[in-house]
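Understanding the architecture of this molecule
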Amino acid sequence: MQDIDIVDLKKISEFIFQKYQYDFRNYAMSSFKRRIQRILEIKRLDVDGLMKKLTDSPAFINEFLDELTVNVTEMFRDPSFWRIMREEIIPGILLNHKQFKIWHAGCSSGEEVLSMAILLKEMGILDSVQLYATDLDTTILERAKQATYSLKNMELNEKNYIRFQGAGSLADYYKVENGYAVFDKDLLGAVNFRKHDLVLGEAFNKFDLVLCRNVMIYFNQTLQNEVLKRFHESLFKYGYLAIGSKESLIWCDYANRFIVANNEEKIYKKIKD
Amino acid sequence: MSMFNLNNSYKAVVIGGSAGSFQGVVKILSQLPIGFPLPIIMALHRLKHVRHGFVEALSLKSVVQVTEPDDKEPIKKGGVYLAPSNYHLSVELGNNFSLSTEEMVNNSRPAIDITLGTSAYVFKDKLIGILLSGANKDGALGMKHIKDRGGMTIVQEPSECMIETMPKAAMAVTQIDHVLKVDQIVEFFKEIDKQYR
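The structure displayed is predicted, hence computed values, not measured ones.

Turning to the overall build of chain A, a few remarks are in order. Assigned secondary structure in chain A consists of nine helices and ten strands. Taking 273 residues into account, the globule formula puts the C-alpha radius of gyration at 19 Å, and chain A, at 19 Å, falls close to it. When its C-alpha atoms are laid out on the principal axes, chain A stretches across 55 × 50 × 30 Å. Residue pairs at least 24 apart in sequence account for 76% of intrachain contacts in chain A once pairs closer than 6 positions are excluded.

In structure tokens form, the structure reads like this:
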């Protein structure tokens, strides 16, 4: 694997910002470097070659984004998180609102929004919830809409679902076709998939619950701080924000506008505008 | 006279291990000198879906409480850190950690190569890397990065390992400064400690 100088990484992110208006300048350096190394390896390029390709072929940017962003996810990742969603957080929202809105920010290939749809269906309230799922990467959004996953990933998803203690079997929700698990399209029927950039994009709606798990780990603290402000703006008062189990917001400026709703599962509640 | 050519310029110790390394890690942590001055950063292969128990088991015997750092947590002198389950653990410039859920590396997440490689990048020749027993080659490349950047490399004596694949893989790709039994690694930590007194 080629080692890349930090100067080159900065050159690449600056160039992409100027030419394509995607801002990776505040991404965490170690993972950004690995992603670039990975692209160089897959495309058999060096840094100059990559810069040239980005300059000469604007269409390449979509492929570049798809490889750059980390799209590794699972259905019902951290089953205990999903149990708390079902047993505490969603019932908490339902106390005050029969209809509500959820935003999956950085939804990647859609496993989490699909997990949420299954959870809501099992609670009998899927029709009362408006789901939004956004990502920077349009290629992965298309994949998310398909709700079709390779069978080799399903073993882990099934195990997670069993630990989540779902109402039935995960297999109730999909058919196997040509080595893929094709999920029931009705689950995602009401999901509003849209392209949205967490770094440069504006708040576009107000939500009762925002899920952004293991996305901000790719940002440095400056950017985490900014993105938390955007989530704060996008939440109704007393709305919930869920982040990854090993993420922390304590050093962010807006941390004191939230209280901990569940410390173990890193779920926060907005208490101040 | 010490068999190790040591000084007090080191900034961190990083430890990798897999199958058969648990007992060795426990022994090292249980005999760590009180107030050991450097952070110890560990990437050990572990079950992906079990979030709890491992760090508690290590802490039980350890002189210092072992913690699984949160994303962007600062690295403190004397802290003992363990890569959390199902995350890669990196060291960032600016002396903090970052976590990631990227693809598995060498079939592993956490991958030892990632923790060792990023530590080598940040700490350069001020790093000590230790690779223990294990059944795959994860960590070998990381040890090479440490050596290439001027750090010190140590592997567990293969004959003592439950599974020798991991230290042998490192020995095959880079120069190893010391091949030690766990008891000698324990002594090594005491020698390091003395440099800072």
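This part is about the overall build of chain B. Assigned secondary structure in chain B consists of six helices and nine strands. A globule of 197 residues ought to have a C-alpha radius of gyration of about 16 Å, and chain B, at 15 Å, matches this closely. Along the first, second and third principal axes, the C-alpha atoms of chain B reach 45 × 35 × 30 Å. Burial statistics for chain B: of 197 residues in total, 51% are counted as buried. Nonlocal contacts in chain B, meaning residues at least 24 apart in sequence, comprise 72% of its contacts between residues at least 6 apart.

What follows concerns the sheet that holds strand β10 (residues 267-270) of chain A. Two modes of strand pairing occur in sheets, parallel and antiparallel, and in both the strands are linked by backbone hydrogen bonds. Residues and elements named next belong to chain A. Reading across the sheet, the seven strands line up as β6-β2-β1-β7-β8-β10-β9 and stay open at both edges, with mixed pairing between neighbours. Taken across any chain shown, the strands that pair with only one partner, and hence form the sheet edges, are β6 (191-195) and β9 (258-262). Averaged over all pairs of adjacent strands, the angle between their axes in this sheet comes to 20°, without regard to strand direction. Pairing of strand β1 (residues 100-105) with strand β7 (residues 207-212), which is carried by three bridges, proceeds in the parallel orientation. From the neighbouring strand, Trp-103 faces β7, where its bridge partner is Val-210.

All right, on to helix α1 (residues 22-30) of chain B then. All of the buried residues in α1(B) are B:Gly24, B:Val25, B:Ile28 and B:Leu29. Along the axis of α1(B), the buried positions cluster into a sector of 125°, meaning they face one direction only.

Residue and element names in this part refer to chain A. Taken together, the three strands give an open sheet; going across it, the order is β3-β5-β4, and neighbouring strands pair in antiparallel fashion. The sheet is open, and its two borders are formed by β3 (148-150) and β4 (174-177), each paired with just one other strand. Sheet twist, expressed as the mean angle between neighbouring strand axes with direction ignored, is 25°. Against the sheet, helix α8 (residues 151-164) contacts β3, β4 and β5 (180-183), and its axis sits at roughly 100° relative to β3.

Here the focus is the interface of chain B and chain A. Between chain B and chain A, the contact holds 18 residues from the first and 16 residues from the second. Breaking the side of chain B that touches chain A down by element, the ones donating at least two residues are β5 (88-92) and β6 (96-100) of chain B.

Residue and element names in this part refer to chain A. Taken domain by domain, chain A holds domain 1 (6-68) and domain 2 (79-270). The straight-line distance from the C-alpha centre of domain 1 to that of domain 2 is 28 Å. Residues belonging to the side of domain 1 that touches domain 2 are distributed by class as follows: four nonpolar, four polar and two charged.

A few words on the packing of helix α1 (residues 6-20) of chain A against helix α3 (residues 47-56) of chain A. Angle between the axes and distance between the axes are the two parameters that describe a pair of packed helices. Residues and elements named next belong to chain A. Contact geometry for α1 and α3: axes closest at 11 Å, N-to-C directions at 0°. On the basis of their axis angle, the class for α1 and α3 is roughly parallel. Where α1 abuts α3, its residues Asp-8, Ile-12, Phe-15 and Ile-16 lie against Val-47, Leu-50, Met-51 and Leu-54. Looking at side-chain class alone, the contact of α1 with α3 contains seven nonpolar, no polar and one charged residues.

We now examine unusual backbone geometry. Residues and elements named next belong to chain B. The linkage connecting Arg-109 with the following residue, Pro-110, adopts the cis geometry, with an omega of 10°. You can see Pro-110 is positioned in the loop between β6 and α3 (112-123). In the Ramachandran plot, Asn-107 falls in the positive-phi region, its phi being about 65° despite a non-glycine side chain. Mapping Asn-107 onto the fold places it in the loop between β6 and α3.

Another point: helix α5 (residues 79-96) of chain A. For α5(A), with 18 residues, the first-to-last C-alpha span of 26 Å sits near the 26 Å given by 1.5 Å per residue. For α5(A), the complete set of buried residues consists of A:Pro79, A:Phe81, A:Trp82, A:Met85, A:Ile89, A:Ile90 and A:Ile93.

With that settled, the discussion passes to the environment of A:Glu14. On the secondary structure map, A:Glu14 appears in helix α1. The sequence separation of A:Glu14 and A:Leu151 amounts to 137 residues, and the corresponding C-alpha distance is 39 Å.

This part covers the pairing of β1(A). Residues and elements named next belong to chain A. Counting buried positions over the six residues of β1 gives five, a clear majority of the element. Two elements, β1 and strand β2 (residues 129-135), share six bridges in a ladder whose sense is parallel. Bridge pairing links Lys-101 to Gln-130 in β2. You can see the chain leave β1, run along helix α6 (residues 111-122) and come back into β2, and the turn it takes is right-handed.

Moving on: the nonpolar core. In terms of nonpolar packing, the biggest core is built from 130 residues, with A:Val113, A:Leu114, A:Ala117, A:Leu131, A:Val210, A:Leu241 and B:Met42 touching the most fellow members. Setting aside anything within four residues of it in sequence, one finds A:Val113 in contact with A:His104, A:Cys107, A:Leu131, A:Ala133, A:Ala144 and A:Val191.

Once that is clear, we can look at the packing of helix α2 (residues 29-42) of chain A against helix α4 (residues 60-68) of chain A. Residues and elements named next belong to chain A. Packing of α2 against α4 brings their axes to within 9 Å, and their N-to-C directions diverge by 125°. In terms of orientation, α2 and α4 fall into the oblique class. Crossing of α2 against α4: the hand is right-handed. Taking contact as the criterion, the partners of Arg-35, Arg-38, Ile-39 and Ile-42 in α2 are, on α4, Phe-64, Glu-67 and Leu-68.

Thresholds applied
- Residues numbered from 1 in each chain as written.
- Chains lettered and ligands numbered in written order.
- Predicted model: local features only at pLDDT ≥ 70, side-chain atom pairs only at ≥ 80, totals over all residues.
- Helix = DSSP H or I, 4+ residues; strand = E, 2+ residues; numbered from the N terminus.
- Rg over C-alpha atoms; globule rule 2.2 N^0.38 Å.
- Contact = placed C-beta atoms within 7 Å.
- Buried ≥ 20, exposed ≤ 12 C-beta atoms within 10 Å, placed from the backbone.
- Pairing = 2+ DSSP bridges.
- Axes fitted to C-alpha atoms, helices over the stretch in contact; angles between N-to-C directions.
- Arc of directions from axis to C-beta.
- Domains from an automatic or database assignment.
- Nonpolar A, V, L, I, M, F, W, Y, C, P; charged D, E, K, R; others polar.
- Parallel < 35°, antiparallel > 145°, perpendicular 65-115°, else oblique.
- Expected span 1.5 Å × (residues − 1).
- Right-handed = clockwise from strand over helix to strand, strands pointing away.
- Core = buried A, V, L, I, M, F, W, Y, C linked by C-beta atoms within 7 Å.
- Left-handed = near helix turned anticlockwise from the far one by under 90°.

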